[in-house]
Amino acid sequence: LSEKERFREVLVLLEQGEPDSARAELEVYLQLQSASEVGQDLLRQINLPAGEYFPPEYREVRLPSGVSLSNLSKQYLGSVYKFHALAKYNDIMRPGDLTAGQAIRIPLTARAKKVFAALDKQPPETTRQAAQQTPTETENTPDVVDSSGAALLPEPAIPVQAVEEPEEALSE
């Protein structure tokens with residue numbers, strides 16, 4: 001496998017709920033790309049309990065149809081690649097098998113607190129109207145609604161198979 005193919009395989013294995021196999025592939029990948037911040041962070045996500053990776057405080061959101069943990073990870077945690085830690089935090093064994101309407105706990109990291117604070121300043125109806133007017137790659141994607149009833153704007157769905165390791169460093 002090429003380095004890109006191996007990295008993509010790591011993401012697929014994590015999405016399928018196979019962290020042990022993903023760890024083995026990731027360790028080979030990191031032998032070839034030892035400076036990979038994303039790779040090192042994915043290894044930390046696999047090896048650490050979710051309670052050590054994220055703070056215990058959280059806020060719940062409801063998962064709409066067509067939105068993945070990668071979408072929520074990017075929006076609230078700053079990186080699509082934190083989906084595995086988010087899955088562990090929510091006791092989700094297979095991140096690829098989610099149900100619309102499922103409650104997802106978002107750990108209140110510094111970034112998540114800022115996102116929620118910004119969303120809380122907007123009246124729910126204003127946010128829903130903005131969501132309807134904002135073009136996305138996925139048509140008719142419903143709003144994400146947090147536990148306070150405020151509508152949230154999800155990122156367009158990003159298929160794990162299409163994701164490649166970014167050049168820039170991880171946020172937060």
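Refer to the structure above for everything that follows.
It should be emphasised that the depicted structure is a prediction, and the values quoted were computed from it without experimental measurement.

Cut-offs and rules
Residues numbered from 1 in each chain as written. Predicted model: local features only at pLDDT ≥ 70, side-chain atom pairs only at ≥ 80, totals over all residues. Heavy atoms only, no water. Buried < 20%, exposed > 50% of the residue type's maximum accessible area, 1.4 Å probe, protein only. Helix = DSSP H or I, 4+ residues; strand = E, 2+ residues; numbered from the N terminus. Arc of directions from axis to C-beta. Salt bridge = Lys/Arg side-chain N within 4 Å of Asp/Glu carboxyl O. Phe/Tyr/Trp six-rings, centres within 6.5 Å; stacked < 30°, edge-to-face > 60°. Axes fitted to C-alpha atoms, helices over the stretch in contact; angles between N-to-C directions. Parallel < 35°, antiparallel > 145°, perpendicular 65-115°, else oblique. Left-handed = near helix turned anticlockwise from the far one by under 90°. Contact = heavy atoms within 4.5 Å. Nonpolar A, V, L, I, M, F, W, Y, C, P; charged D, E, K, R; others polar. Pairing = 2+ DSSP bridges.

**Student:** Is there a simple way to explain helix α7 (residues 110-120) in this structure?
**Tutor:** The α-helix winds at 3.6 residues per turn, so residues separated by three or four positions along the chain end up facing the same way. Where α7 is concerned, the buried positions are Ala 112, Val 115, Phe 116 and Leu 119. Down the axis of α7, the sector holding all buried residues measures 95°, keeping them to one side.

**Student:** Explain the pattern of salt bridges to me, please; I cannot follow it from the model alone.
**Tutor:** According to the stated counting rule, one finds six salt bridges in the structure shown. Ionic pairing is found between Arg 44 and Asp 41, a salt bridge with its closest N-O pair at 3.2 Å. With Arg 44 and Asp 41 both in helix α3 (residues 37-47) and three residues apart, the pair spans about one turn of that helix. By relative accessible area, which is 43% here, Arg 44 ends up partly exposed. When its relative accessible area of 7% is taken as the criterion, Asp 41 is described as buried. The partner of Arg 105 in a salt bridge is Asp 91, with the nearest N and O atoms 4.0 Å apart. Of this pair, Arg 105 sits in strand β2 (residues 103-107) while Asp 91 sits in the loop between α6 (83-89) and β2, and the two are 14 residues apart along the sequence. Classification of Arg 105 as partly exposed rests on a relative accessible area of 21%.

**Student:** Can you walk me through the packing of aromatic side chains in this structure?
**Tutor:** Between two aromatic rings, the relevant description is the distance of the centres plus the angle of the planes. Considering all chains together, one arrives at five aromatic pairs under this definition. Considering the side-chain rings of Phe 7 and Tyr 81, the 5.7 Å spacing of their centres and the 65° angle between planes classify their relative orientation as edge-to-face. Linking Phe 7 in helix α1 (residues 3-15) with Tyr 81 in the loop between α5 (69-77) and α6, this pair joins segments that are 74 residues apart in sequence. Look at Tyr 53 and Phe 54: their rings are 4.8 Å apart centre to centre, the planes differ by 85°, and that puts the pair in the edge-to-face class. By relative accessible area, Phe 54 is classed as buried at 4%. Of the aromatic side chains, those joined through ring pairs into one cluster are Phe 7, Tyr 29 and Tyr 81.

**Student:** Is there a simple way to think about the packing of helix α2 (residues 19-32) against α3 in this case?
**Tutor:** Pairs of packed helices are described in terms of their axes, by the angle between the two and the distance that separates them. Between α2 and α3, the least distance of the axes is 10 Å, while the angle of their chain directions is 150°. Between α2 and α3, the angle is such that the two are roughly antiparallel. As for the relative orientation of α2 and α3, their crossing is left-handed in sense. Packed against α2, whose contacting residues are Pro 19, Ala 22, Arg 23, Leu 26, Glu 27 and Leu 30, the element α3 presents Gly 39, Gln 40, Leu 42, Leu 43, Ile 46 and Asn 47 at the interface. Of the residues contributing to the contact of α2 with α3, the split by class is seven nonpolar, three polar and two charged.

**Student:** Sorry if this is basic, but what is going on with the pairing of strand β1 (residues 58-62) here?
**Tutor:** Within a regular strand, the side chains alternate between the two sheet faces. Every second residue of β1 is oriented toward a common face, the buried set being Arg 59 and Val 61 and the non-buried set Tyr 58, Glu 60 and Arg 62. Pairing of β1 with β2, which is carried by five bridges, proceeds in the antiparallel orientation. Pairing of Tyr 58 across the sheet is with Pro 107, part of β2.

**Student:** I'm lost on the packing of α1 against α2 in this one. Help?
**Tutor:** Viewed as axis vectors pointing N to C, α1 and α2 meet at an angle of 160°, and their least axial separation amounts to 8 Å. Compared by their axis directions, α1 and α2 come out roughly antiparallel. Judged by the sense of rotation from one axis to the other, the crossing of α1 with α2 is left-handed. Counted together, Glu 3, Arg 6, Phe 7, Glu 9, Val 10, Leu 13 and Leu 14 of α1 and Pro 19, Ser 21, Ala 22, Glu 25, Leu 26, Val 28, Tyr 29 and Leu 32 of α2 form the full contact between these two elements. A breakdown of the residues in the contact of α1 with α2 according to their chemical character gives ten nonpolar, one polar and four charged.

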